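Tertiary structure, described
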Amino acid sequence: MADRSLRGIRLGAQSLQSEEGVVFMERRETTYKCDTCEHVTTLMFSADAEPPQTWECRACGAEAVLRVDGQTITPDATDEKVARTHWDMLLERRSRAELEELLEERLAFIRARRGAGEDPTREKIGA
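Thresholds applied
- Residues numbered from 1 in each chain as written.
- Predicted model: local features only at pLDDT ≥ 70, side-chain atom pairs only at ≥ 80, totals over all residues.
- Heavy atoms only, no water.
- Helix = DSSP H or I, 4+ residues; strand = E, 2+ residues; numbered from the N terminus.
- Buried < 20%, exposed > 50% of the residue type's maximum accessible area, 1.4 Å probe, protein only.
- Contact = heavy atoms within 4.5 Å.
- Phe/Tyr/Trp six-rings, centres within 6.5 Å; stacked < 30°, edge-to-face > 60°.
- Expected span 1.5 Å × (residues − 1).
- Polar contact = N/O pair within 3.5 Å; in protein donor to acceptor, adjacent residues only side chain to side chain.
- Core = buried A, V, L, I, M, F, W, Y, C linked by side-chain atoms within 4.5 Å.
- Pairing = 2+ DSSP bridges.
- Salt bridge = Lys/Arg side-chain N within 4 Å of Asp/Glu carboxyl O.

1. Quick notes on the overall build of the protein
Looking only at helices and strands, the protein features three helices and five strands. If you list the helices and strands of the protein from N to C, you get α-β-β-β-β-β-α-α. Looking at the protein as a whole, 9% of its 127 residues qualify as buried. The long-range share in the protein, meaning contacts at least 24 apart out of those at least 6 apart in sequence, stands at 19%.

Printed below as a string of structure tokens:
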């Protein structure tokens, strides 16, 4: 019975969902031009969406700039976020003094586990 219900259907190849009653959003064409290789990239965005000022060029990987009415815009530098490193995020949670204290505690623990009396540069006899 199960093989009869799947008969004639290629699984995954065809959608069984109909587009009946679906209202598509209004779209607009957005153009980006790469200054490095002069490649023009055309993308579709929703009409109410704000397109990004720059896009990665598909040809060379450089930064392509948005074109509005045939004119290339100058990207606004205020939109760029500065990337935070792990160190920056750590300094938001702890002060340098707290970090120094934690480092000393951890080093003491490691030295005690390793055997604090032993010199790690000295060779062991009979080993």
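2. Side note on the packing of aromatic side chains
A full pass over the atoms with the stated rule returns two aromatic pairs. Ring pairing ties together the aromatic residues Tyr32, Phe45 and Trp55, which thus form one cluster.

3. Here's the deal with helix α3 (residues 96-114)
Given a rise of 1.5 Å per residue, 19 residues ought to cover 27 Å, and the 27 Å separating the end C-alpha atoms of α3 matches this to within 8%. Gly115 occupies a position one or two residues after α3 and carries a positive phi of about 105 degrees.

4. A look at the environment of Glu38
In this structure, Glu38 sits in the loop between β1 (27-34) and β2 (40-46). Taking relative accessible area as the criterion, Glu38 reaches 46% and is therefore assigned partly exposed. For the pair formed by Glu38 and Ala64, sequence separation is 26 residues and the distance between their alpha carbons is 8.8 Å. At 3.1 Å, the side chain of Glu38 and the side chain of Lys33 are in polar contact.

5. Quick word on the nonpolar core
Counting seven residues, the largest nonpolar core is built from Tyr32, Cys34, Leu43, Phe45, Cys57, Ala64 and Leu66. Among the elements of the structure, β1, β2 and β4 (63-68) are those that each provide at least two residues to this core.

6. Considering the pairing of β4
Bridge count for β1 against β4 is four bridges, and the pairing is antiparallel. Looking at the pairing, Tyr32 lines up with Leu66 of β4. Note: strand β3 (residues 54-56) against β4, three bridges, orientation antiparallel. By the bridge assignment for β4, Thr54 is matched with Val65.

7. Description of the side chain of Thr30
Looking at the secondary structure, you find Thr30 in strand β1. When sequence neighbours within four positions are dropped, the list of residues in contact with Thr30 reads Thr41, Thr42, Leu43, Phe45, Pro51 and Leu66.

8. Brief notes about the pairing of β2
The sheet contact formed by β1 and β2 spans seven bridges and is antiparallel. For Tyr32, the partnering residue across the bridge sits in β2 and is Thr41. Linkage of β1 to β2, two consecutive antiparallel strands, is achieved through a turn of five residues, within which Glu38 is found at a positive phi near 65 degrees.

9. Structural notes on the pattern of salt bridges
On inspection of all chains with the given rule, the structure shows two salt bridges. We note a salt bridge from Lys33 to Glu38, for which the minimum N-O separation is 3.1 Å. Classification of Lys33 by relative accessible area gives partly exposed; the value is 22%. Arg84 is the salt-bridge partner of Glu92, the closest N and O atoms lying 3.3 Å from each other.

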